[in-house]
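# Observations on chain architecture
What follows is the residue order along each chain.
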Amino acid sequence: MDIAIIGVGYVGLVTGACLAEIGHTVICQDSDELKIDMLQRGETPIYEPHLDDLLQKNTASGRLSFCKDIEEAVKPSEVVFICVGTPPLDTGDADLSAVEMVSKEIARVSDSYKLVIEKSTVPVQTGGWVEKTLRIYGSKDIEFDVASNPEFTREGSAVYDFLHPDRILIGTQSERARAILRELYAPIIHRRFNCPVHGACPQSAEDVPFIVTDINSAELIKHASNSFLAAKISFINAISDICEKTGANIKDVSYGIGLDKRIGKDFLYAGIGFGGFCFPKDLQAFIRIAEKCGYDFKLLKEVQQINDDRITQVIEKARSALWILKGKTIGILGLAFKPNTDDIRFAPSLEIIKRLHDEGAIVKAYDPKAMEKTRTGLPGIEYCKDPYEVARGAEGLVICTEWDEFRNLDLERIKKLMKRPFILDGRNIYDRGKMLEWGFEYVSIG
Ligand code: UDX
């Protein structure tokens, strides 16, 4: 199938690479010319496990290509995925100007039937606007279908998630669109592809559920899913506060709660809160969507508030251990908002660093993948080549991201290098008993 991907951010690039991998011919377009230049030179603008390999392999085979001109991508393609950004406005609403602009452009350059799919996370009823835009700005003789096909991949495991989804969700009223999408995703639905992640995949007899709803419901499912997951994290973070006040242990409590199948063990890890480009902005956008419908989503406002308060809590924990923060050297281990990505957007680490700077602390930092991106946007930090350089002379270390590298540190060496062996474990990666035994001052979450 001939496919165009408009917008090569995290979602667009992974979608394009994976659809080429399962056999389609994919042209990716972006208005960011530098990004397209990079991709055409064979460089990958983001760090995402397995993505490099997929891009190289599929560009070499000719199934995947990149271009700057939207007409070049759309004209030969039957299916067009809109994957452009929907960043937050000051009001909290999603900025849909790129979605509208791209819809107009698709309408302008199309000279044959197109199935236009919104993959970017958008507010409910956006599909209706895309449909209207295509009709108004497109030629009367050209037929368009519109579908919503939200993406549930997580950064850091996006290629795995795309190829092994829990479900494929389609929102459309059109039979033709439904049939095209069923065919497009058939290798994934029936698990018939050579898996670039596992080689030989653990085979499941079951097909991936292919769910078709109306467009509004599909759009709502996406926002509701992200909000529910964010609520789960804030819930466990609130419970971790109660653990601290009562002497209970959050790891045991999470385990005990999660064994109930109705609750599930995932997303019950307490810590310094959620970040990234999805949860914080989607939560805000969903609260605004509800507000516009006349519903005050107090539950989600509280989810947001609990998450914001995590940062203050980290600073308070540091203060109660170190007393005066001014002039003290604090090391940050982990800048990315989660492991296995170089994405620092809305990362809790950045807010923690800002607050430490406000207190007059001296900050050193290290991250296995996110140093480049942080260095350009956040000056005034000593960027170190490894965790040991961060530890040298530090009076405290704050673990902000649970990278495997930090789980396997030579802690004896870290302790010797530190001026004062205080560790604030914001992701609960170490065992309290062992840390105390080794002589660390150790504070974790919950
Ligand atoms: C999320 C959704 O999971 C995904 O379905 C959607 O497509 C995009 O948004 P992502 O933002 O990539 O994915 O990462 P995710 O793994 O969901 O983690 C989000 C944040 O929550 C991270 O900062 C992570 O550290 C935090 N988190 C997650 C916790 O603090 N505790 C948990 O138990 C789980």
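Attention in this report is confined to the structure presented alongside it. (Residues numbered from 1 in each chain as written. Predicted model: local features only at pLDDT ≥ 70, side-chain atom pairs only at ≥ 80, totals over all residues. Heavy atoms only, no water.)

So, on to the overall build of the chain. When its secondary structure is counted, the chain shows 19 helices and 14 strands. Taken over C-alpha atoms, the radius of gyration comes to 23 Å for the chain, in line with the 22 Å a tight globule of 446 residues would show. Across its three principal directions, the C-alpha atoms of the chain cover 75 × 50 × 45 Å. Of all 446 residues assigned to the chain, the portion counted as buried reaches 54%. (Helix = DSSP H or I, 4+ residues; strand = E, 2+ residues; numbered from the N terminus. Rg over C-alpha atoms; globule rule 2.2 N^0.38 Å. Buried < 20%, exposed > 50% of the residue type's maximum accessible area, 1.4 Å probe, protein only.)

This part takes up the packing of helix α10 (residues 215–246) against helix α11 (residues 250–258). Taken N-terminus to C-terminus, the directions of α10 and α11 make an angle of 135 degrees; their axes are 9 Å apart at the nearest point. By the angle class used here, α10 and α11 are oblique. Handedness of the crossing formed by α10 with α11: right-handed. Touching I236, I239, S240 and C243 of α10 are I250, V253, S254 and I257, all from α11. Of the residues in the contact of α10 with α11, the class split is six nonpolar, two polar and no charged. (Axes fitted to C-alpha atoms, helices over the stretch in contact; angles between N-to-C directions. Parallel < 35°, antiparallel > 145°, perpendicular 65-115°, else oblique. Left-handed = near helix turned anticlockwise from the far one by under 90°. Contact = heavy atoms within 4.5 Å. Nonpolar A, V, L, I, M, F, W, Y, C, P; charged D, E, K, R; others polar.)

A few words now on the site of the ligand. Taken together, 19 residues lie near the ligand, and F152, T153, E155, Y269 and K338 sit nearest. Isolated, the ligand exposes 660 Å² of accessible area, and the fraction of that covered by the protein chains is 92%. Sorting elements by how many residues they give to the shell around the ligand places α10 first, with three residues. Looking at side-chain class alone, the shell around the ligand contains nine nonpolar, four polar and six charged residues. (Near = heavy atom within 4 Å. Areas by Shrake-Rupley, 256 points an atom, 1.4 Å probe, with all protein chains shown as cover.)

All right, on to empty space enclosed by the protein then. Under the defined criterion, the tally for this structure stands at one cavity of 30 Å³ or more. When its volume is computed, the largest cavity comes out at roughly 30 Å³. Residue lining of the largest cavity: E118, K119, S120, T121, V122, S148, P150, E219 and K222, and that is the complete set. Residues that form the lining of the largest cavity fall into these classes: two nonpolar, three polar and four charged. (1 Å grid on protein atoms, 1.4 Å probe; cavity = no way out; pocket = protein on both sides within 12 Å on 5 of 7 lines; lining within 4 Å. Points joined across faces, edges and corners; volume = space filled by probe spheres on them.)

This paragraph deals with helix α12 (residues 279–292). Along an α-helix, residues three or four positions apart point the same way, because every turn accommodates 3.6 residues. In a regular helix each residue adds 1.5 Å, so 14 residues correspond to 20 Å; α12 covers 20 Å between its end C-alpha atoms and thus fits that length. In terms of burial, α12 is a largely internal element, eleven of the 14 residues being buried. Residues of α12 that are buried: F279, P280, K281, D282, L283, A285, F286, I287, R288, I289 and A290. Of the surrounding secondary structure, the elements contacted by the buried residues of α12 are α10 and α13 (298–322). Positive phi shows up at G294, right after α12, with a value of about 90 degrees. (Expected span 1.5 Å × (residues − 1).)

Using the criterion set out here, one finds 30 salt bridges in the structure. A salt bridge links D296 to K301, with the shortest nitrogen-to-oxygen separation between them at 2.6 Å. Residue D296 is classed as partly exposed on the basis of its relative accessible area, which comes to 38%. Put simply, D93, R288, E291 and K292 are held in one network by salt bridges that share partners. (Salt bridge = Lys/Arg side-chain N within 4 Å of Asp/Glu carboxyl O.)

A word on the packing of helix α1 (residues 10–21) against helix α3 (residues 51–60). Look at α1 against α3: their axes get within 9 Å of each other, and the N-to-C directions meet at 55 degrees. As far as their axial angle goes, α3 and α1 are oblique. The handedness of the crossing between α1 and α3 is left-handed. Residues L13, V14, A17, C18, A20 and E21 of α1 pack against L51, L54, L55, K57 and N58 of α3. Broken down by class, the residue content of the contact of α1 with α3 amounts to eight nonpolar, one polar and two charged.

For R191, which is not glycine, the phi dihedral falls at a positive 55 degrees. Mapped onto the secondary structure, R191 falls in the loop between α9 (186–189) and β8 (210–213). Overall, R191 belongs to the partly exposed group, its relative accessible area being 23%.

Here α1 contains twelve residues, and its C-alpha end-to-end distance of 17 Å stays within 8% of the 16 Å for a straight helix at 1.5 Å per residue. With respect to burial, α1 is a largely interior element, eleven of its twelve residues being buried. When we look at burial in α1, the residues that qualify are Y10, G12, L13, V14, T15, G16, A17, C18, L19, A20 and E21. The positive-phi residue at the C-terminal boundary of α1 is G23, with phi of around 115 degrees.

The strands that make up a sheet are held in pairs by hydrogen bonds between backbone atoms, and each pair lies either parallel or antiparallel. Pairing is parallel in the open sheet, where six strands are placed in the order β11-β10-β9-β12-β13-β14. Each edge of the open sheet is held by one strand with a lone partner, namely β11 (382–383) and β14 (441–443). Pairing of strand β9 (residues 329–333) with strand β12 (residues 396–399) involves four bridges; the strand directions are parallel. When the bridges of β12 are listed, I332 appears paired with V398. Contacts from α13 reach β9, β12, β13 (422–425) and β14, with the element oriented near 160 degrees to β13. Helix-sheet contacts for helix α14 (residues 348–358) involve β9 and β10 (362–366), and the interaxial angle to β9 is about 175 degrees. (Pairing = 2+ DSSP bridges.)

Relative to the elements of secondary structure, T133 occurs in helix α6 (residues 126–137). Accessibility expressed as a relative area gives 8% for T133, which makes it buried. Among all residues touching T133, those that are not within four sequence positions of it are E100, S103, K104, A107 and G138.

For the rest of this paragraph, the subject is the state of the cysteines. Applying the stated criterion to the full structure yields zero disulfides. In this structure C384 is not part of a disulfide, and its nearest cysteine sulfur, from C400, lies 14 Å away. Residue C384 is classed as buried on the basis of its relative accessible area, which comes to 2%. (Disulfide = S-S within 2.5 Å.)

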